[in-house]
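Examining the three-dimensional arrangement
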Amino acid sequence: MNIALVFQSLGIGGIERVGIEYARLFQELGYDVDIYNLTPDITQMEASFPKGCTIHHKYIPEVLLPGRYLNGVKRWWWGKYAYPILYLGTAGLLYLYRLTMGRRRAYDITVAFSGHFRDLEFVSRNFIKGRKKIAWLHGGALIDYMVSSSSYGDIYRKLKNICTLTSYGNHSVLLRNIALRDLNINKIYNPIHLETNDVNMDAVSELKAAYGDFLLMVGRFDIDKDQQTVIKAYHILCQKHHIPNKLLFVGDGPTLPLCQELSKTLGLADRIVFMGSRQDVGNFYSAAKLCLHSSPSEGLPTVLLEAMKYQLPIVATDSPPGVDEILVRDTYGLSCKIGDPADMADKILRMLTDQDLYEHYRRQGQIRIQDFSYESIRCQLEHILTTLK
C-alpha cells in the first residue's frame, strides 16, 4: 500500500508539522509514504519527515489554477463574463502542463494535505494517479472554505473524501449545496504527543523566580491573533483589581511593535514582557499560571492543546470554530467574547481568585487532551481509511 501527501510548500508552519506526524502515522499503518512539495524553493521542513519518506519536487504556476479566478466574479462587473473563458483556458493549459511532467506515479491514496488550490488541483487533476483521493482542511471548517470561494466545492466533488478539524457548519453547507451531499466527510483532530520530556526544570524554576505566577500568551503577533485585547484586559486587571501577576508574550510578528507601544501607553511596560520567538515553549507552559488566547477566528488552535498538555488552565476568546471545538462551551476552559477586554478580564479574575475553579480546569484539560493523543488519532485514521470512496 502506498500513499502520497501533497503540500503547497514545506516551509516552517503548522500544517507542515502536522503533516510530519501524519506521515509517521501512515508509516505505522503499513503505508509507503511519498511527499510532494509543490513549491520546490521552500524546503525547510523536508528534512524533518520520517526516514523512509521519499520527497518529490513538482511545480504548478499559480496563474494556471482555475479556481483562483472565481472571486473576480464578485469583485468586478465584467468578472462573470471573463470567468468562463479564464476557467476553460487555464484548465486546458493545466492539462497540457501535466503532459510535460512525463509519466505519472500511481498510488492507493493521494492526499491534498495543505488544502490550498495548488495541492487540491494537483491531486484532483491527476498529476499523480490516486485510486482514492482526500482533501485535508486545516484552515477551519468546510463552511469557511466554501464562503471564501465556491470553487472549492467543485474540487471537493472530484476528490469525494474530506478530512476536517470540525463539523461546525457542515449542515448549512450541505443544505445549500445539493451537489456536495455525497461527500464522505470525516472529522479528525491533529495528533498531540502527550509527553512533556522537553521541559527543563531548572529553566522553569528560573522563569518562576524571575516572573512569579505569570499569565502567558503564545502565538505569532499578527492581526488575526489580536494580542491588543489581552493587553487591554490586563490593564483592567491591574487598574481595578491590582493583580500581582505579570504578563508574558512568546512570539514575534508584524504587530509586535504596535503591542509594545500599547503596553507603554497604558503604563504597563514594566509588567508586560515580550519574550520573542522561543524554541523552549514547554518551559513557559510549565512555569505559567494561566494560558490566554485572543484570536477572533481559529481553525483548531494548537496552543490551547499544548497548554492542556502542561496542565495549564485556559481563558480564550470564543473564536469560531476551533476554540469551542476544544473547550466545548466552557467544559474544558473558560471562554470570553471576541474583542472584549472587560469580559476577558472578568474570566481571568475568576480563574485567579477561585482556586477550586482553577483546579477544576486543570483536571478537565487533562481529560480533554486525551481526545487528541497520538494513539487516539491513529485509531481514528485507521477507521477513516476503510471508509474512503
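See the structure printed just above.
In short, a report on the structure. (Residues numbered from 1 in each chain as written. Predicted model: local features only at pLDDT ≥ 70, side-chain atom pairs only at ≥ 80, totals over all residues. Heavy atoms only, no water.)

**A word on the overall build of the protein chain**
- Summing up its helical and strand segments, the protein chain has 16 helices and 13 strands in all.
- The principal-axis extent of the C-alpha atoms belonging to the protein chain is close to 65 × 50 × 40 Å.
- When each of the 389 residues of the protein chain is scored for burial, the buried share is 54%.
- Partitioning the intrachain contacts of the protein chain with sequence separation of at least 6 by distance along the chain shows that 70% fall at a separation of at least 24.
- Carbon and sulfur atoms make up 51% of the accessible area of the protein chain, which totals about 17,800 Å². (Helix = DSSP H or I, 4+ residues; strand = E, 2+ residues; numbered from the N terminus. Buried < 20%, exposed > 50% of the residue type's maximum accessible area, 1.4 Å probe, protein only. Contact = heavy atoms within 4.5 Å. Areas by Shrake-Rupley, 256 points an atom, 1.4 Å probe, with all protein chains shown as cover.)

**What about the side chain of Asn-190?**
- Within the secondary structure layout, Asn-190 lies in the loop between strand E7 (184-187) and helix H8 (201-211).
- The buried category is assigned to Asn-190, whose relative accessible area is 9%.
- Setting aside residues up to four positions removed in sequence, Asn-190 forms contacts with Val-18, Tyr-22, His-138, Leu-165, Leu-300, Phe-372 and Ile-377.

**Some words on the nonpolar core**
- Leu-5, Tyr-22 and Leu-216 are the most contacted members of the largest nonpolar core, which totals 65 residues.
- The leading source of residues in this core is helix H1 (residues 14-28), at 7 residues.
- Once residues lying within four places of it in the same chain are set aside, the contact partners of Leu-5 are Gly-19, Ala-23, Phe-26, Val-33, Asp-34, Ile-35, Tyr-36, Val-111 and Phe-113.
- Grouped together as the second largest cluster of nonpolar side chains are 31 residues, Ile-231, Ala-233, Cys-238 and Cys-259 included. (Core = buried A, V, L, I, M, F, W, Y, C linked by side-chain atoms within 4.5 Å.)

**A closer look at the packing of helix H4 (residues 117-124) against helix H6 (residues 151-159)**
- Running from N to C, H4 and H6 cross one another at 35°; their axes reach a closest spacing of 10 Å. The handedness of the crossing between H4 and H6 is left-handed. Across the interface between the two elements, Phe-117, Leu-120, Glu-121, Val-123 and Ser-124 from H4 touch Ser-151, Tyr-152, Ile-155, Tyr-156, Lys-158 and Leu-159 from H6.
- Taken together, the residues of the contact of H4 with H6 sort by class into 7 nonpolar, 2 polar and 2 charged. (Axes fitted to C-alpha atoms, helices over the stretch in contact; angles between N-to-C directions. Left-handed = near helix turned anticlockwise from the far one by under 90°. Nonpolar A, V, L, I, M, F, W, Y, C, P; charged D, E, K, R; others polar.)

**Observations concerning the environment of Leu-304**
- As for its placement among the helices and strands, Leu-304 is situated in helix H12 (residues 302-309).
- Here Leu-304 is in contact with Cys-291, His-293, Ile-314, Ala-316, Val-323 and Ile-326, once residues within four sequence places are set aside.

**Quick look at the side chain of Ser-9**
- Position of Ser-9 relative to the elements: it lies in the loop between strand E1 (2-7) and H1.
- Those residues in contact with Ser-9 that lie beyond four places of it in its chain are Glu-16, Asn-37, Thr-39 and Ile-42.

**Quick notes on the sheet that holds E7**
- Across the sheet, 7 strands lie side by side as E3-E2-E1-E4-E5-E6-E7; this open sheet has parallel pairing. The outermost strands of the open sheet, each flanked by one partner alone, are strand E3 (54-57) and E7. On average, adjacent strands in this sheet sit at an angle of 25° to one another, irrespective of strand direction.
- For E1 and strand E2 (residues 32-37), the ladder comprises 6 bridges, and the chain directions are parallel. Residue pairing for E2: Ala-4 is matched across the bridge by Asp-34. (Pairing = 2+ DSSP bridges.)

Just geometry here; none of it tells us what the structure is for.
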